[in-house]
Structures are given as structure tokens and as C-alpha cells.
Amino acid sequence: MYRLLFSLGFSRMDPERAHHLAFRVIRALPTFGVGRLVERATGPAPALAVEALGLRFPSPFGVAAGFDKDALAVVGLGNLGFGHVEVGTITALAQPGNERPRLFRLVVDRALVNRMGFNNGGADAAAGRVSRLSRRRHRPVLGVNIGKSRVTPVENATEDYVRSTKVLAPHADYLVVNVSSPNTPGLRGLQELDALAPLLEAVRAAAGRTPLLVKIAPDLEDAEVVRICELVVRLGLDGIIATNTTISRAGLVTPAAEVEAIGAGGLSGAPLAARSLVVLKLIREQVPADLCVVSVGGIETAEDVQERLDAGATLVQGYTGFIYRGPLWAREVNRGLERIRRERRAAASVA
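Residues numbered from 1 in each chain as written. Predicted model: local features only at pLDDT ≥ 70, side-chain atom pairs only at ≥ 80, totals over all residues. Heavy atoms only, no water.

Looking up the protein in an unreviewed UniProt entry gives the name Dihydroorotate dehydrogenase (quinone), with the organism given as Agromyces bracchium. Comment text from UniProt for the protein, heading Catalytic activity (unreviewed entry), reads "(S)-dihydroorotate + a quinone = orotate + a quinol". (UniProt positions renumbered as here; feature names shortened; annotations may be inferred.)

This is the structure:
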């Protein structure tokens, strides 16, 4: 049914408008108890729960940052079966993001290109919502992803991140430093060690006991990934999220002229899967077994999620697959993971 709706309706609609329409429905799910009814059909089995970051994740599968930028639909997303929701990216200062159009579908590639530009209402506005969410008993694990305000010069980035950290970290289950979006000028330069080390040290101090992770780009050279892993371990961070969107357009099926007409932005979805998996395996080779590694990029099916878990991911996130798989996506993944595990147990008992 969703595939038909997507083909006849959503695919013909402006992608950002379609997102907002779907988002409003998800946000409304908890109203009048509808969300809990939905959750009876979508919720993960207890056996899928994962212990990480000192927290219990009901499922290893969650929503990546970018879908819920202002922590408005966290409970509804949990009702749909996601084990955690990473909100943001949230910046210290409210900002409208880049001019529209800024979100584009590459349907034949099962991909998106976005140059949203961290559009959000700012850390102070989000803090109240995150605080209220933190006090709810029934909700998914809540991560908060923070980035640099566009108007803040790169040389003042640390102060900008620390400001967000101070108001958001006390209420978050975990905090993520995003230095890898391609849509904020100068941001990816913060992945260079001489800039990244003092930034992470300052945020770590401001975050207190809240688990801290850093999100990196897929476009880093392998040697750069290794150096960031070494830094994360040295500073005592709690994890790494890999990866963000890519600036590469290699291997796309969409006609080159169409891709060129879209212009700049980060590419997400199926074309990112191979590189994301390579980066995951590289990270897992470099860091201790108990360090949380969250894999993102090109996830659509339960088989994709299980492949990342088998490759060493602690948790897995998705976003673009939501657009192509529909509102029951998390349910499909959770049920698929249960099936895969049953099949493996059966095979092991026969062997």
C-alpha cells in the first residue's frame, strides 16, 4: 500500500513538503492513546534489546539525526518501533537553514540529496522539550545531535558547541558532536585533529556524565578515520557514529545531468552503503570492543541492519529508508531481525 501511495502521491510532491505532512502525522500519534495501540503492532521483541552507553535500547535500530530536527516527534517515532531517536542537528542559535529547494529524491538510486543547512529552532528552544521528554517513562532512548551555528566563525566553534552542550546535555540520554555535515561552510574542517581535539575536550567537560559521541563523514581517508579513532579513545569518549552524508556522486544510476542540476548537498541512502560498511569495519578494528559504534548509511532492510551488527556495530540508524519504505519501516526491520535470529538458532541447533 505504501509503495502505491509513494508512486502515485508522495513521489510527485515536493520532498520537504511530503516530509512535513508525514511528520505531522507521526507527531500526532501519541494523542488520545493512538500511539500505544500502534506500538502493540510495531514494538520490538524484548530479545532485541541492546545494552550500550549505560542505557537499554529496546531495539538496535533507531532514527538518525535529521528526521526530527527539533525533538517534536520523539514519542511518535518510538510508537512506530524505533529503539532510539537522535534529534537535531540542533545549533546554539536558531537558524532557518538554506534556501529552498534543499531536499531532492533520486528515486532510482533509493537516495536523497539534501542541503538543509541545520534548520532548527535553536538549543534554548529545544532544551525545554528535551527536558520534558527526559522525564517521560515511556519513550525511546533520546540522543541529541549538536552542530555549529552558521553565523559563528569556525575559530569560535568550540564556544558555540559548548553553549549547546550546557543546555542540552543534562536532559539527553547521549550527546553527539556533528562535525561532518557538508552543508555548513567550514564544518568538516573541524574533523582535522588540531581542531577536533580541543573541541571534543571542551564538550566532554561541559557534558558531564552524559555519554558523548562524535559523528564523522564517509569522505575521510582511511588514515584520517584511524587518527580520529585514536583521539576518541585517548579522550575517553563513549562512541563514534559513522557515517554522515557524502559529497560523492560516484556510481549513481540517475542521469548525470539531473544530478548536476540538483547541485551541492549531502547524498544519503543506498549508494552510501558500501563506504559506510567499510568505515564501520575500520573503526571496529581500531577501538576497544566496549566502545559504542553506531553505523549509519544505506540501511533499508533487516538484512542490512544485521550485516552492520555482524560487522561490529553496537547500534544502527536509518533515515532515507523511511522515505522509501514507509511508516512501518521500523516494524519490518524489527520483525526481520527476529526472523534472522530464529533462523540462525535453528541452523545452529541442526549443526
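Peer 1: So what's going on with helix α11 (residues 302-310)? Which residues, and what values?
Peer 2: Burial in α11 covers these residues: A302, V305, Q306, R308 and L309. Along the axis of α11, the buried positions cluster into a sector of 160°, meaning they face one direction only. A positive backbone phi angle near 115° is found at G312, which sits one or two residues after α11. (Buried < 20%, exposed > 50% of the residue type's maximum accessible area, 1.4 Å probe, protein only. Helix = DSSP H or I, 4+ residues; strand = E, 2+ residues; numbered from the N terminus. Arc of directions from axis to C-beta.)

Peer 1: Can you explain the packing of aromatic side chains? Please cite residues and give values.
Peer 2: Geometry of an aromatic ring pair is reported as the spacing of the ring centres plus the angle between the planes. According to the stated counting rule, one finds eight aromatic pairs in the structure shown. With a centroid separation of 5.9 Å and 45° between ring planes, the pair formed by F322 and W329 is classed as tilted. The same class applies to F322 as to W329, namely buried. Here a set of aromatic residues connected by ring pairs shows up, and it is made of F23, F61, F67, F82, Y319, F322 and W329. (Phe/Tyr/Trp six-rings, centres within 6.5 Å; stacked < 30°, edge-to-face > 60°.)

Peer 1: Break down the packing of helix α8 (residues 222-235) against helix α10 (residues 273-286) for me, citing the residues and quoting the values.
Peer 2: Axis separation between α8 and α10 bottoms out at 10 Å; the angle between their running directions is 40°. If you check the angle between α8 and α10, you find them oblique. The chirality of how α8 crosses α10 is right-handed. Packed against α8, whose contacting residues are D222, V225, V226 and C229, the element α10 presents R275, V279, L282, I283 and Q286 at the interface. Broken down by class, the residue content of the contact of α8 with α10 amounts to six nonpolar, one polar and two charged. (Axes fitted to C-alpha atoms, helices over the stretch in contact; angles between N-to-C directions. Parallel < 35°, antiparallel > 145°, perpendicular 65-115°, else oblique. Left-handed = near helix turned anticlockwise from the far one by under 90°. Contact = heavy atoms within 4.5 Å. Nonpolar A, V, L, I, M, F, W, Y, C, P; charged D, E, K, R; others polar.)

Peer 1: Please provide a residue-by-residue account of the environment of D124, values included.
Peer 2: With respect to the element layout, D124 can be found in helix α5 (residues 123-134). Between the C-alpha atom of D124 and that of R163, which follows or precedes it by 39 residues, the distance is 9.5 Å. Look past the residues within four positions of D124 in its chain and what remains in contact with it is R163 and V167.

Peer 1: Mind laying out the pairing of strand β8 (residues 174-178), listing which residues take part and the relevant values?
Peer 2: The buried fraction of β8 is high, at five of five residues. Residues Y174, V176 and N178 point to one face of β8 and L175 and V177 to the other, with burial holding for every one of them. The pairing of strand β7 (residues 141-147) with β8 spans four bridges and is classified as parallel. Its bridge partner being in β8, G143 is matched across the sheet by Y174. One crossover worth recording links β7 to the parallel β8 by way of helix α6 (residues 157-168), and it is right-handed. In terms of strand pairing, β8 meets strand β9 (residues 212-216) through four bridges, oriented parallel. (Pairing = 2+ DSSP bridges. Right-handed = clockwise from strand over helix to strand, strands pointing away.)

Peer 1: Please set out the sheet that holds strand β11 (residues 266-269) residue by residue, giving values where relevant.
Peer 2: Read across the sheet, three strands follow the order β5-β6-β11 without closing on themselves; strand pairing throughout is antiparallel. Of all strands in the sheet, those with a lone pairing partner are β5 (103-106) and β11, marking the two edges. Neighbouring strand axes in the sheet, compared pairwise and without regard to direction, differ in orientation by 25° on average. As paired strands, β5 and strand β6 (residues 111-114) are joined by four bridges and run antiparallel to one another. Residue pairing for β6: F104 is matched across the bridge by V113.

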